[in-house]
Amino acid sequence: MEFLKSVSHPEEIWALVRFKLGFCKSVLPDNDVSTMSDSMKKCYDYLNKTSRSFSAVIQSLDGDLRHAICIFYLVLRALDTVEDDMTIPIEKKVPMLKTFHRHLHEPEWNFTESKEKDRMVLVDFPVISKEFRQLAPLYQQVIEDICKRMGEGMTVFLVKKVDTMEDWNEYCHYVAGLIGHGLSRLFVASGFEDAIVGKELNVANSMGLFLQKTNIIRDYLDDIDQKREFWPKAAWNRYAVSLYDFKSEENHLDGVHCLNELITNALTHIPHCLLYLSRLKNQSVFNFCAIPQVMAVATLERCYNNPDVLTGVVKIRKGEAVNLILSSTSQENVKAIFSFYVQRIMDRIPEDDPNAAKTRQLCDQALELCGPVKRGALSPLGLPISSAVILLSGVLWYYWG
């Protein structure tokens, strides 16, 4: 029960109750689909079915930007489904990925041979491409360009392994950094954000890399079990003969050292993430960008120096996630959240960890960027919570949850 998991975290109990009462709608409002075309309704249905992480934040965006990013997501989800499908022979997959962007202008094109769980976006691609062609020309240009570049990039790593740290950055750029590029250009095209957001794309790239590296770090076991290797060899080869060795208990110490090295690498992106968020003006765009970032830093903290990453699934509590969603509405709050989790990593750096000095340096840098943070007595995020409210929250949850 989620309430019991958060019982020692009073701010999370209050967040869960607020979630039950619908307070999340102030940050992630409902998307009214009643006046949409049937094809657009179907697109949002596919968005809900294929995205656990981004569906709600996409549907909370303002104006026509919501539709544009919904279609952007579904187009890239379709492309990613082709890449992930191991039943498609590589001699067929490579040209499919390189030319996928052309299908946006082919009303009848679809692909029915995929065996992947998200195959629906390929089977019913004519619905998605129809709505793509209804978007403003500026939106279409961005989506098609990113789709083309991502498809070409994906072919590189069909035959190339992630060996060096540069390879890791390159892979993450193709699958996530380019999304940061595209989103930034869409934000500017919508008129909601200033031109600089779409110009300094190295900053946007870091936003994508921070999220992708977090996912790769967290998903070690799932990827290994499916014979996928995304931890860079340059890191794990210092601690093991094979990346699969870390699954064994006798190799957990070496595995944790490698884990900590990769988390340390991910921390290098925090300065750009904070800079990017500081430039956003539209509240819905800020929420859209900030929520995944704070989830990522919380996940990195949970994974740091944690051997459970090597044997199972490590994730943040639902109450913690809800608290982060409700709190990530301003730059000041985001800095407080980053400061809290980075400090927790800092406090747990083992003296004998091979990357201890580098990790400490990056934590110090991030904490300096966050600046002084005022926190309440009970909540790391400074939320005013009294004992009476916590007691009432518990009673409400018990009888009503």
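This write-up is about the structure you can find in this document. (Residues numbered from 1 in each chain as written. Predicted model: local features only at pLDDT ≥ 70, side-chain atom pairs only at ≥ 80, totals over all residues. Heavy atoms only, no water.)

## Thoughts on the overall build of the protein chain
Secondary structure assignment for the protein chain yields 21 helices and zero strands. Considering the protein chain as a whole, with its 401 residues, one finds that 55% of them fall into the buried category. A sequence separation of at least 24 residues applies to 71% of the contacts in the protein chain between residues at least 6 apart. A total accessible area of about 18,000 Å² is found for the protein chain, and carbon and sulfur atoms account for 53% of it. (Helix = DSSP H or I, 4+ residues; strand = E, 2+ residues; numbered from the N terminus. Buried < 20%, exposed > 50% of the residue type's maximum accessible area, 1.4 Å probe, protein only. Contact = heavy atoms within 4.5 Å. Areas by Shrake-Rupley, 256 points an atom, 1.4 Å probe, with all protein chains shown as cover.)

## Observations concerning unusual backbone geometry
Phi is positive for K227, which is not a glycine, with a value near 60 degrees. Taking the relative accessible area as the measure of exposure, K227 reaches 64% and is therefore exposed. Within the chain, N305 stands out as a residue other than glycine whose phi angle is a positive 55 degrees. Within the secondary structure, N305 is located in the loop between helix 17 (283–303) and helix 18 (318–327).

## Considering the environment of V162
Of note, V162 is situated in the loop between helix 9 (137–159) and helix 10 (165–190). The exposure class of V162 is buried, given its relative accessible area of 8%. When sequence neighbours within four positions are dropped, the list of residues in contact with V162 reads F157, D167, W168, Y171, E229, F230, W231, P232 and K233.

## Quick look at the nonpolar core
Ranked by internal contacts, the top residues of the largest apolar core, which has 125 residues, are F187, W231 and F246. Discounting chain neighbours no more than four positions away, the residues touching W231 are V162, I216, I217, Y220, W236, L243, F246, G255, C258, L259, L262 and L310. (Core = buried A, V, L, I, M, F, W, Y, C linked by side-chain atoms within 4.5 Å.)

## Description of helix 20 (residues 356–370)
Between its terminal C-alpha atoms helix 20 stretches 21 Å, which fits the 21 Å expected from 15 residues at 1.5 Å a residue. Residues A356, T359, L362, C363, A366, L367 and C370 constitute the buried set of helix 20. Down the axis of helix 20, the buried side of the element spans an arc of 135 degrees, and every buried residue falls inside it. What points out from helix 20, more than 90 degrees from its buried face, is the exposed set A357 and E368. Looking at the buried residues of helix 20, the elements they touch are helix 15 (252–267), helix 16 (270–278) and helix 19 (331–347). The positive-phi residue at the C-terminal boundary of helix 20 is G371, with phi of around 75 degrees. (Expected span 1.5 Å × (residues − 1). Arc of directions from axis to C-beta.)

## Here we look at the side chain of T264
Looking at the secondary structure, you find T264 in helix 15. Engagement of the side chain of T264 in a polar contact is seen with the backbone oxygen of N260, the distance being 2.7 Å. In this structure the side chain of T264 is engaged in a polar contact, spanning 2.5 Å, whose partner is the side chain of T359. Once residues lying within four places of it in the same chain are set aside, the contact partners of T264 are N355, K358, T359 and L362. (Polar contact = N/O pair within 3.5 Å; in protein donor to acceptor, adjacent residues only side chain to side chain.)

## Let's talk about the packing of helix 9 against helix 10
Any two packed helices are characterised by how steeply their axes cross, that is the angle between the axes, and by the distance between the axes. Axis separation between helix 9 and helix 10 bottoms out at 9 Å; the angle between their running directions is 180 degrees. Here helix 9 is positioned roughly antiparallel relative to helix 10, judged by the angle of their axes. Of the residues that constitute the contact of helix 9 with helix 10, the class distribution is 14 nonpolar, five polar and five charged. (Axes fitted to C-alpha atoms, helices over the stretch in contact; angles between N-to-C directions. Parallel < 35°, antiparallel > 145°, perpendicular 65-115°, else oblique. Nonpolar A, V, L, I, M, F, W, Y, C, P; charged D, E, K, R; others polar.)

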